[in-house]
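The chain contents come next:
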Amino acid sequence: MAGSVSPREKVDVLRACVIIPTYNNAATLAGVIEDVTGYSDHIIVVNDGSTDNTAEIIQRFPFVQFISYSKNAGKGWALRQAFKYAADRGYHYGITIDSDGQHFAKDLPSFINEIEVLPNSIIIGARNMGQASVPGGSSFGNRFSNFWFKVETGINCPDTQSGYRLYPLLPVNKMHFITRKYEFEIEVLVRAVWKGIKVESVPVTVYYAPKNERVSHFRPFKDFFRISILNTVLVFISFLYIRPRNFLRILFNKEKLKKLLDDHLFNPHHSSELKSVSVAFGVFMGIIPIWGFQLLAAIFLSVLFRLNKPLVIVAANISIPPMIPFIIYGSYKVGSLWMGANAMQISFSRSITLESIKNNLVQYIYGSITLAIIAGIIFGILTFIFLKLTGKKTAITAKTE
């Protein structure tokens, strides 16, 4: 678009609307709407069961589109209703802004400019969480949320709790969500990344009213508990399904596989020894009997020991679902060496599952740890030999050219 096009015109051309979910914020709602009208008249207010005079305030703005229901259902539900409503009326993007006066409409152009460059992305308005007015609980909660978002997606995001966002409505409305309250804003981000939707950030201004004037509907115990449960579920899904799925996609995509190998296996800034140890450690972590926590533990320890984290993660995927029967069978066979006459003998068949572990847990644990050590050593040695051979070949080729 031409540089002379105004922010209001850009909003119209991009078919964007501003969504304001509200619950008992009558004191600040009118000011937020008036602020937004300087940039767009495409405004949707969702009255999430307010018991104050929110409805009366909306009547002052006849151009505002209004969704209302009598029972408070939560911010996530309000946003989900607004996304469907907006898409049905032909909007392509929805920019969500809180009704408590924290956010400023002057930052709307930043979202519009960013979405022009990265269409169909989610754009998050990243607040400056280091300023003195930010409540300590909000700062901690944001760091907590950012950490788990990275664990679940592998992506760094500076402010996963910001309610100031731009959503692409078509891909978001194709998703089926399970949450209705504050935790929805975590669920939608994580699952969007899993669907291949990019998540980017732009800096925004934030205002926190003095403590005696601040109105917050966030319930520290209940809502934090809900968010913690959601993160637990998302972590399990990530490690048991999403990461193995992504790994298999890389293996069957020549360009992505080549880039992975070039960036990490053939990285000249890391020694062959470090890369070999990283592969060995990843294989070890992928086999040891801590199902569901293997990747999480591998990532944490790879950072602690300063290993090549991507190689550790790739190698730990030796325990992807198709390999599980082989690992269980191998663990039982190796474990039989420790059990002697008490060993349980099994044959390799479709009956080998995680349920098989219950039949002789001690044999499986002994065997899986031993197998993990042996496999880690073998893969580490093979990686070292491979890197040395390819290194020599590269050196010889360079000399002859």
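Our subject in this report is the structure included herewith. Because the structure is predicted, anything quoted here is derived from the model rather than measured. (Residues numbered from 1 in each chain as written. Predicted model: local features only at pLDDT ≥ 70, side-chain atom pairs only at ≥ 80, totals over all residues. Heavy atoms only, no water.)

Some details on the side chain of Ser40
Looking at the secondary structure, you find Ser40 in the loop between helix 2 (26–36) and strand 2 (43–48). For Ser40, a relative accessible area of 2% puts it in the buried group. Reaching out from Ser40, the side chain makes a polar contact with the backbone nitrogen of His42 at a distance of 2.9 Å. Apart from the residues within four sequence positions on either side, Ser40 is in contact with Arg8 and Val11. (Helix = DSSP H or I, 4+ residues; strand = E, 2+ residues; numbered from the N terminus. Buried < 20%, exposed > 50% of the residue type's maximum accessible area, 1.4 Å probe, protein only. Polar contact = N/O pair within 3.5 Å; in protein donor to acceptor, adjacent residues only side chain to side chain. Contact = heavy atoms within 4.5 Å.)

Looking at the nonpolar core
Most often, soluble globular proteins have nonpolar side chains that are buried together. Grouped together as the largest cluster of nonpolar side chains are 36 residues, with contacts concentrated most on Ile19, Ile44, Val46, Phe83 and Ile122. A total of eight residues in this core trace back to one element, the largest contributor, which is helix 8 (residues 184–194). Leaving out residues up to four positions away in the same chain, Ile19 has contacts with Ile44, Val46, Leu79, Ala82, Phe83, Gly94, Ile95, Thr96 and Ile97. In terms of nonpolar packing, the next biggest core, distinct from the first, is built from 30 residues, Val18, Val32, Val36 and Ile95 among them. (Core = buried A, V, L, I, M, F, W, Y, C linked by side-chain atoms within 4.5 Å.)

Some remarks on the packing of aromatic side chains
Taken as a whole and assessed by the stated rule, the structure comprises eleven aromatic pairs. Here the aromatic rings of Phe144 and Trp148 are separated by 6.4 Å at their centres, their planes lie at 65 degrees, and the arrangement is edge-to-face. Taken together, the positions of Phe144 and Trp148, both in helix 6 (residues 136–153) and four residues apart, correspond to about one turn of that helix. Relative accessible area serves as the criterion here: at 22%, Phe144 is assigned to the partly exposed category. On the accessibility criterion, Trp148 (22% relative accessible area) is partly exposed. (Phe/Tyr/Trp six-rings, centres within 6.5 Å; stacked < 30°, edge-to-face > 60°.)

What about the pairing of strand 5 (residues 122–126)?
The buried fraction of strand 5 is high, at five of five residues. Neither face of strand 5 is left uncovered, since the one carrying Ile122, Ile124 and Ala126 and the one carrying Ile123 and Gly125 both have all their residues buried.

Focus: the sheet that holds strand 2
A sheet is described by the order of its strands in space; here seven strands give the open sequence 3-2-1-4-6-5-7, paired in mixed fashion. Strands at the two margins of the open sheet, each flanked by one partner only, are strand 3 (65–69) and strand 7 (199–203). Neighbour-to-neighbour, the strand axes of this sheet turn through a mean angle of 20 degrees, independent of strand direction. Note that strand 2 and strand 3 share five bridges and pair parallel. Opposite Asp48, over in strand 3, you have Tyr69 as the bridge partner. This element, helix 8, spans strand 5, strand 6 (165–168) and strand 7 of the sheet and lies at about 50 degrees to strand 6. (Pairing = 2+ DSSP bridges. Axes fitted to C-alpha atoms, helices over the stretch in contact; angles between N-to-C directions.)

Interpretation note: all reported values are geometric properties and have no functional meaning in isolation.
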